Amino acid sequence: MRELAEELAKLLSIIYHQSWLTGEVPDDWNLASVMPIYKKAWKDDPGNYRPVSLTLVPGKVIKQIILSAITQHLQDRQGIMHSQHKFRRDRSCLTNLIFYNQVICLVDEGKAVDVVYLNFSKPFDTISHAILLEKLAAHGLDRGTLCWVKSWLEGQAQRVLVNGAASS
C-alpha cells in the first residue's frame, strides 16, 4: 500500500467518505483474523504461541481518522479534561509522572491535595454500546459519525487462522 499510496489515496478518500456518509462499515474492515504467533521454546506446545489479531489496513486508517475527529471534538467541548493523560495526544506515563511529582511537592509543603486516578480496563469490551452512543450524542457528535460508530461497534467479528485454514 505504501508503494501505491498516491494512487490509492483518492480512491480510499472516496470510499471513506461514502462509508461515513452512509454510516456503514464494510464487513471486511470489521473482521479480525486471529493468528497464533510463535514466542519461544518448543513449537509443538500450544502454550508457546500468542494470539495476534490482524485487521485490514484501510479499516484501521478510517478508525483512526474517526477516533481523531471524536477526540478533537470532545477536547474542544471539554468532554475530555485537560488533566487526563490516557487517550490524549502528547500525554503519556511520563507526563503523568511529572504531574505526580508536582503533587508530591505540594504534599511536602503541607498543602492538601486530592487526586483521583481511574483506569478503565478494555472499556469497549465491557461497556454497553447503547450507553456509549448516548454519551457521544450528549456531547454533540453529529448523526453521521454516531451511525458510523454504531456500525463499527456492532459489526465486529473474529476468525481464527491456522495454516491457511479459517474458522467460521
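About the thresholds
- Along every chain, residues carry numbers that run from 1 in the direction the sequence is written.
- Residue-level local features of this predicted model are given only where pLDDT is at least 70; pairs of side-chain atoms are given and counted only at 80 or more, and the full residue set underlies all totals for whole chains, interfaces and linings.
- Hydrogens and waters are ignored; side-chain quantities use all the structure's heavy atoms.
- Elements are defined by DSSP. Helices are runs of H or I of four residues or more, strands are runs of E of two residues or more, and each kind is numbered from the N terminus.
- Buried means the residue's accessible area, taken with a 1.4 Å probe over protein chains only, is under 20% of the maximum for its type, while exposed means over 50%, and partly exposed covers the values in between.
- This arc is built from the directions going out from the helix axis to the C-beta atoms.
- Strand pairing follows a simple DSSP-based rule, namely that at least 2 bridges must link the two strands.

- An unreviewed UniProt entry lists the protein under the name RNA-directed DNA polymerase from mobile element jockey-like protein, with Willisornis vidua given as the organism.

## Observations regarding unusual backbone geometry
Point 1. Phi angles above zero are rare outside glycine, and Ala41 is one such case at about 60 degrees.
Point 2. Of note, Ala41 is situated in the loop between β1 (31-38) and β2 (49-54).
Point 3. Its identity as a non-glycine residue notwithstanding, Asn163 has a phi of 50 degrees, on the positive side.
Point 4. Here Asn163 is to be found in the loop between β3 (157-162) and β4 (165-166).

## What to know about helix α6 (residues 129-138)
Point 1. Considered for burial, the residues of α6 that qualify are Leu132, Leu133 and Leu136. The arc enclosing the buried residues of α6, seen along the axis, measures out at 95 degrees, which places them on a common side. Opposite the packed face of α6, turned more than 90 degrees from it, sit the exposed residues Glu134, Lys135 and Ala138.
Point 2. Among the residues trailing α6, Gly140 stands out with phi positive, at a value near 85 degrees.

## Describing the sheet that holds β2
Point 1. Strand order in the open sheet made by the four strands is β2-β1-β3-β4, with mixed pairing throughout. In this open sheet, the two edge strands, each paired with only one partner strand, are β2 and β4.
Point 2. Pairing of β1 with β3, which is carried by four bridges, proceeds in the parallel orientation. When the bridges of β3 are listed, Val34 appears paired with Val160.

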